[in-house]
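The primary structure of each chain is shown beneath.
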Amino acid sequence: MLGILFVSRIYGQETMPFSYMEDKWNEYQQHIHEPLALHQNYFRDSVSVQEMKEAYYKHKDDIGTHPLFGNRDTVKFLTADPSIVLKSPLEYHPNKKVQECRATWVWHARNPLYRLINKDGIAQDKLLERLNKKQDEWMDGDFVTLRTPKKYMGFTVSPRPTLVIFNKGKRVGGDYVADMQLGVDFFEYAFRKGTFLDHPNWTSGLGSGARALGSLHELRVGGISNVKDETTFSVLLYANPQSQKNSKEQVPAYTLELLEPENVDEQAMTLFKSFKETIEQIPAKAFQNYYTTDFRIMTGRYYRVMVNKFGWLVDDYFELNKVGTLAQK
């Protein structure tokens, strides 16, 4: 499959060399590892294909990707959006007043607790000071976060769950998927321009990754032919659950389901099936999982595919649902 990439043309972009793609693939795989501790202890369940499909019909026209943090704790960063805290040692503090507080954390400072607000919204500065001075007395156990989460078809997701384990105020272990700079799929990583400092947000490269996916398909089928009218359809790409099971039958790592249009014509169906064939040749671990705030794994990607005489254009709904973007399209 990757052999298809050793050419030098990409739809909608200037010419780019592909001769390094195999090295990029190996490099990408080396920087991702299975977060066993997070999967075994927290993210044990997955969002079903049916639920992902239902979410599309309910939220496909939603505008905006920023989640509401509600009463959850957050972690502040200097150059990125806040992370959301799913579990922290404060939950087990013997003082109920502390348990009921909402905290803001910062890891680049000497004192990790930055702000503490009680259930009435009043800052607890003295309590905050005491907790920071006596971290060894209460900071024990797991600290689980989702790095810079975003809204995606009604789910609050992030590809970066993080587990930090504390014992008497000291960090003694942890688990994570990959660094933020790795992006969320191989295609985005391979075609990224600039440095990590140019991409502090994990959604920054989704557009280029989706377009590269469209170019990969166009290259596989040898360009566009017999497309009479511009055709647009929406799909759900997801990790094939059957590929995770022990079976002698070779099952694709990824597959597609057609979401719209409801009444698809012959041309659109032919184009969809062709795109599906390409997706089902992509090797495993090309797309990273998303993780939800209710401790589930979501493998889905929602794409809008536009085909006309100029080629294939694939857009991720993360991009389409940004404020104003969907309406302009």
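Heads up: the structure comes first, above all this text.
The rules behind the values
Residues numbered from 1 in each chain as written. Predicted model: local features only at pLDDT ≥ 70, side-chain atom pairs only at ≥ 80, totals over all residues. Heavy atoms only, no water. Helix = DSSP H or I, 4+ residues; strand = E, 2+ residues; numbered from the N terminus. Contact = heavy atoms within 4.5 Å. Areas by Shrake-Rupley, 256 points an atom, 1.4 Å probe, with all protein chains shown as cover. Phe/Tyr/Trp six-rings, centres within 6.5 Å; stacked < 30°, edge-to-face > 60°. Buried < 20%, exposed > 50% of the residue type's maximum accessible area, 1.4 Å probe, protein only. Lys NZ or Arg CZ within 6 Å of the ring centre and 35° of its normal. Pairing = 2+ DSSP bridges. Axes fitted to C-alpha atoms, helices over the stretch in contact; angles between N-to-C directions.

Peer 1: With reference to specific residues and values, describe the overall build of the protein.
Peer 2: Scanning the protein from terminus to terminus reveals eleven helices and 16 strands. At a minimum sequence separation of 6, the contacts of the protein that also span at least 24 residues come to 67%. For the protein, the accessible area works out to roughly 17,100 Å², and carbon and sulfur atoms hold 46% of it.

Peer 1: Could you give an account of the packing of aromatic side chains, with specific residues and numbers?
Peer 2: Going through the model one piece at a time under the given rule, you end up with 25 aromatic pairs. On the basis of an interplanar angle of 75° and a centroid distance of 4.8 Å, the ring pair of W105 and F143 is categorised as edge-to-face. Taken together, the residues W105 in strand β4 (residues 102-106) and F143 in strand β6 (residues 141-146) connect sequence positions 38 residues apart. Considered together, W105 and F143 belong to a single accessibility category, that of buried residues. Ring geometry for Y254 versus F287: centroids 5.0 Å apart, planes at 75°, classification edge-to-face. Taken as a pair, Y254 in strand β12 (residues 254-260) and F287 in the loop between α9 (266-279) and β13 (290-292) lie far apart in primary sequence, 33 residues in all. Here Y254 falls in the buried class, since its relative accessible area comes to 4%. Among the aromatic side chains, those forming a connected cluster through ring pairs are Y56, Y57, Y152, W202, Y290, Y302, Y317 and F318. Its end group placed over the ring of Y189, K24 keeps NZ or CZ at 4.9 Å from the ring centre. Taking NZ or CZ as reference, R147 lies 4.0 Å from the ring centre of F77, over its face.

Peer 1: Can you break down the environment of G183 residue by residue, with the values?
Peer 2: Tracing the backbone shows G183 in the loop between β10 (170-176) and α7 (186-191). Using a relative accessible area of 0% as the deciding quantity, one classes G183 as buried. With 23 residues separating them in the primary sequence, G183 and R160 have C-alpha atoms 10.0 Å apart. Apart from residues lying up to four places away in sequence, G183 is in contact with R160, E188, R192 and Q288.

Peer 1: Outline the sheet that holds strand β3 (residues 83-87), listing residues and values.
Peer 2: Read across the open sheet, the seven strands follow the order β5-β4-β2-β3-β6-β9-β10; overall the sheet is mixed. In this open sheet, the two edge strands, each paired with only one partner strand, are β5 (113-117) and β10. Strand-to-strand, the axes of this sheet are offset by a mean angle of 25°, without reference to chain direction. As defined by bridge partners, β6 adjoins strand β9 (residues 161-167) across six bridges and the pair is classed as antiparallel. Note on β9: the bridge partner recorded for T145 is T162.

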